[in-house]
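Working through the structure, step by step
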Number of protein chains: 2
Amino acid sequence: MLEKARELDAADSLAPFRDRFDLPEGVIYLDGNSLGCLPRATPARLAEVVAQEWGKNLIRSWNSADWISLPQRIGGKIAPLVGAQAHEVIACDSVSVNLFKLISAALAMQAQNGKRRKVILSEPGNFPTDLYMIEGLEAQGLAERRLAPRESIADAMDEDVALLLLTHAHYKTGELFDMAALTRAAHAAGALVLWDLSHSCGALPVDLNGCEADLAVGCGYKYLNGGPGAPAFAFVAERHHDALQQPLSGWMGHAAPFAFSDDYQPAPGVDSLLCGTAPILAMAALEVGVELIAEIGVARLHAKSQALSEFFRECLAAQGLELDLVSPPDPAKRGSQLSFRHPQAYALSQALIARGVIGDFRDPDILRLGFAPAYLRFEDMAEAARHLGEVLATGEWQRPEFAQRAAVT
Amino acid sequence: MLEKARELDAADSLAPFRDRFDLPEGVIYLDGNSLGCLPRATPARLAEVVAQEWGKNLIRSWNSADWISLPQRIGGKIAPLVGAQAHEVIACDSVSVNLFKLISAALAMQAQNGKRRKVILSEPGNFPTDLYMIEGLEAQGLAERRLAPRESIADAMDEDVALLLLTHAHYKTGELFDMAALTRAAHAAGALVLWDLSHSCGALPVDLNGCEADLAVGCGYKYLNGGPGAPAFAFVAERHHDALQQPLSGWMGHAAPFAFSDDYQPAPGVDSLLCGTAPILAMAALEVGVELIAEIGVARLHAKSQALSEFFRECLAAQGLELDLVSPPDPAKRGSQLSFRHPQAYALSQALIARGVIGDFRDPDILRLGFAPAYLRFEDMAEAARHLGEVLATGEWQRPEFAQRAAVT
């Protein structure tokens, strides 16, 4: 398959973008869905922010380098990747913190419309932090968590549901929700919708406004390549800006933070989602990653993502490997990953890592391989599939060291 | 005074630490209380984290570089600076977000003790975000904000007060609260205390456990030199760890985040204050700043801070300058700053900046000069005082460009 892979690479219009990333030698990185790779432009940009903007210009950089506008500026660059207008997106805090703000905002919007709805509907097995942040509001007595399996979500949508909170691409299986259909169903039931785009943004097209989505959050450190723990982003549809209220009312979300008044007055629109001072070094790195993904464009990324994962399956089939695929076989119905169920998934993932093929493991039995289309080659697919076949054939995954669980898996 | 200043510098045992910072030429930086200077070790450390830990080791660095423990590791290094035990402090999120967690936690602790107290007592003119975060909980119906001038705080402490929330060193005037006395008064009234250490930590000794303080937050980007918007920290006294509950219950605060279970189980102690994924690049820079300040030690920093500011006043007096000092004249009663009231404080601050003397302005009429003792010289005091005298004598602050307000002041 290596020959065919090289032909595909030679014909790949995105191939030149691989050089825009600083990839380690001897590694096939199938975990860009967990932590994206380092753009080559990031170290120099970060060094400049540190040495010049911080070191030399110090406090003046809030104005001279326009640090103060970074959340809006980066938000504006993320917006076209998710089908939003620039002023509907802001980069700040973490996905978890932004979930808290937007779940709270949804409850406040319902209350403003005279509806005492408290139920936040999601699915079991959603990414844990989405479920945990609902619980935080539940412990405050402000929300009530309801979970329904994805096939019965429509049935669970009654007049108590304030908000439907779902992750577009499932972190474990990659299965996609039909964002347009579920948003319509929620609206028909008088609920708002909050989409978590962490596992889709930057790898596949998202059309928030085309779907008439209300709220969304997304991750900066996966397909946006913003660096480990990069700030996240939040989206609020323009039609909700006047009603937007959230409880993390910090000074950076004030209409006039430098008036230092005792009373909070929210800034207009998504600016009121800001809370504390933005981590400028982390924001600077995020901006580089976002710009690079925006330059490539999600349509091309999506096409290559599908081609890569389908070719990987072809390479498995060519070896006669039959694995238990838990991701949808139709590439149009999954995110940029393939997940396989295997009773020894952890040991398998460790044996692959030892060979330089870095995917990951998701408790209890999932081997997850992500295909970040911005920097992967078809050759990587052929090689990764070969390694997987060899690991299974040799049984080397049974070596005792591969059973040792690390702190972070 | 320059000669005397140079003698003082020659005798200053902290003088060698100035070279551990990368200070811009031609600048006297009196704003380290707003954004601390760049430690010389930071660029190389950050470059290593970016190129090696992120770029080469990628996702593996969560284990191999122990990214996962950064919040606890940095917290443990901050702990001795504030009179806490290592396991009582954690570095995460922003001061604002941590205020929300700890105000909420205090309300939950009161409720666990069967007290339905909802009042959060603070003073008018406290740093805005402290007041705004109370308002966030007030808008949720969970808290009630009460403000009392500092001289009548004791009188305002009745049986409705759940929490006293004060800033140790006032951001505008530098005036210090008597932390031990107010903590005692709060406890006598059945209230808990949350101290905001943003303007004291790293410049003067803080003894949280000596004062029997309950809760505290502090800033990473001022005297800790962690970089613009560096993550903040939070303290919870050990005796409250079992009762600790906070609503930003994100996956990183879970007892077993990588078990990916649907239900939230808080990690023990301050680990449960974690919410989303830590911004590793910002954390790495913070760690360097904290280590440097810890190496110098707050006792020596405090002594020099007092000597610097007193010498600055001496230099003003030697010029016959009588300014309206709003900071306490007794250095034992103020933080590491001197603030002066002047009707044209903004223009004055701009004229000083044009001469390379960077202080700042606080609405409406305060010229604020901070004396970060880790890198300032007595010579800087003499020169800054001379510039201030000249700016006032020449009237150059009246130039129209100095009246133009920037976005960030």
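Computed from a prediction, not measured in an experiment: that's the story for all the values here. Numbering of residues begins from 1 in every chain and follows the order in which that chain's sequence is written. Chain labels run from A onward and ligand labels from 1 onward, assigned in the order the entries are written. Per-residue local features of the predicted model are confined to residues with pLDDT of at least 70, and side-chain atom pairs are confined, for both listing and counting, to 80 or more; whole-chain, interface and lining totals are unaffected and use all residues. To get the side-chain values, all heavy atoms of the structure are used, and hydrogens and water are removed first.

**A closer look at the UniProt feature "binding site: pyridoxal 5'-phosphate" (unreviewed entry) in chain A**
Selection rule: UniProt positions are given in the numbering used here, feature names are shortened, and annotations may be inferred rather than shown by experiment. The numbering of helices and of strands both runs from the N terminus, where a helix is a DSSP run of H or I of at least 4 residues and a strand a run of E of at least 2. With a 1.4 Å probe rolled over the protein chains alone, any residue whose accessible area is under 20% of its type maximum counts as buried; one over 50% counts as exposed, and the rest are partly exposed. In this analysis, two residues are considered to be in contact whenever any of their non-hydrogen atoms come within 4.5 Å of each other.
Within this structure's numbering, the places UniProt gives as "binding site: pyridoxal 5'-phosphate" (unreviewed entry) are Ser96, Phe127, Pro128, Thr129, Asp130, Thr167, Asp196, His199, Tyr221, Trp251 and Thr277 of chain A. A stretch of 182 residues holds the annotated residues, and the largest C-alpha distance among them is 30.5 Å, long enough that they do not meet in one place. Mapped onto the elements of the fold, Ser96 of chain A is located in helix α5 (residues 95-112). Of the residues examined, Ser96 of chain A reaches a relative accessible area of 2% and is grouped as buried. Apart from residues lying up to four places away in sequence, Ser96 of chain A is in contact with Thr129 and Met133 of chain A together with Gly250, Trp251, Cys275 and Gly276 of chain B. In this structure, Thr129 of chain A sits in helix α6 (residues 128-139). On the basis of relative accessibility, which here comes to 2%, the residue Thr129 of chain A falls in the buried class. Beyond its immediate chain neighbours, meaning those up to four positions away, Thr129 of chain A contacts Ser96 and Leu99 of chain A together with Gly250 and Trp251 of chain B.

**Quick word on the domain arrangement of chain A**
Residue and element names in this part refer to chain A. This is how it is decided: Segmentation into domains, and thus their bounds, comes from an automatic or database assignment. Summed over both partners, the accessible surface that disappears when two parts come together, traced with a 1.4 Å probe, is what is meant by buried area. A side-chain nitrogen of Lys or Arg and a carboxyl oxygen of Asp or Glu constitute a salt bridge if their distance falls within 4 Å. Polar contacts here mean pairs of N or O atoms no more than 3.5 Å apart (in protein, one a potential hydrogen donor and the other a potential acceptor; neighbouring residues in sequence count only if both atoms are side-chain atoms). Amino acid classes used here: Ala, Val, Leu, Ile, Met, Phe, Trp, Tyr, Cys and Pro are nonpolar; Asp, Glu, Lys and Arg are charged; the rest, including Gly, are polar.
Split by domain assignment, chain A resolves into domain 1 (2-30 + 297-403) and domain 2 (44-296). Summarising the inter-unit geometry, the C-alpha centres of domain 1 and domain 2 are found 30 Å apart. On the domain 2 side, the residues contacting the 28 residues of domain 1 number 21 residues. Regarding the contact of domain 1 and domain 2, the summed buried area is about 2000 Å², with carbon and sulfur atoms giving 61% of it. Summed over the shared surface of domain 1 and domain 2, the number is one salt bridge. Linking domain 1 to domain 2 there are 13 residue pairs in polar contact (both at pLDDT 80 or more). Elements supplying a minimum of two residues to the side of domain 1 that touches domain 2: α10 (298-318), β10 (337-341) and β13 (366-370). Its residues placed into classes, the side of domain 1 that touches domain 2 shows 13 nonpolar, eight polar and seven charged.

**A few points about the packing of aromatic side chains**
To be explicit about the condition: Pairing of aromatic rings covers Phe, Tyr and the six-membered ring of Trp, with a centre-to-centre limit of 6.5 Å; geometry is then stacked below 30 degrees between planes, edge-to-face above 60, and tilted otherwise. Any Lys NZ or Arg CZ that is within 6 Å of a ring centre and within 35 degrees of that ring's normal is treated as a charge sitting over the ring.
Counted according to the given criterion, the structure contains 30 aromatic pairs over all chains. Between Trp251 of chain B and Phe258 of chain B the ring centres are 5.6 Å apart and the planes differ by 70 degrees, which places this aromatic pair in the edge-to-face class. Here Trp251 of chain B and Phe258 of chain B have matching classes, each one buried. An aromatic cluster of three or more residues is present, and its members are Phe127 and Tyr171 of chain A together with Trp251, Phe258 and Phe260 of chain B. In this structure, Arg405 of chain B is placed above the aromatic ring of Tyr346 of chain B, and the distance from its NZ or CZ to the ring centre is 4.9 Å.

**Notes on a negative patch on the surface**
Stated precisely, the cut-off is as follows: Two joining distances apply to patches: 9 Å for like charges and 5 Å for nonpolar side chains (Val, Leu, Ile, Met, Phe, Trp, Tyr), and every residue must have over 30% relative accessible area and no salt bridge. Per-residue and other accessible areas were derived by the Shrake-Rupley procedure at a 1.4 Å probe size, with only the shown protein chains allowed to occlude residues. Asp and Glu are treated as the negative residues and Lys and Arg as the positive ones, with His and the ends of the chain left uncounted. Charged side chains are reduced to one point each, which is NZ for Lys, CZ for Arg, CG for Asp and CD for Glu.
On the surface, a cluster of negative charge is made up of Glu138, Glu144, Glu159 and Asp160 of chain A. Relative to the helices and strands, Glu138 of chain A is located in helix α6.

**A look at the sheet that holds strand β5 (residues 161-167) of chain B**
Residues and elements named next belong to chain B. Here is the rule we go by: Two strands pair under a simple rule: DSSP has to find at least two bridges between them. Note on geometry: axes are C-alpha line fits, over the in-contact stretch for helices, and angles between N-to-C directions span 0 to 180 degrees.
Pairing is mixed across the open sheet formed by seven strands, whose spatial order is β2-β8-β7-β6-β5-β3-β4. The two strands at the open ends of the sheet, each matched to only one other strand, are β2 (89-92) and β4 (144-147). Averaged over all neighbouring strand pairs, the angle between strand axes comes to 20 degrees, with direction disregarded. Judged from the three bridges that link them, strand β3 (residues 119-122) and β5 form a sheet pairing that is parallel.

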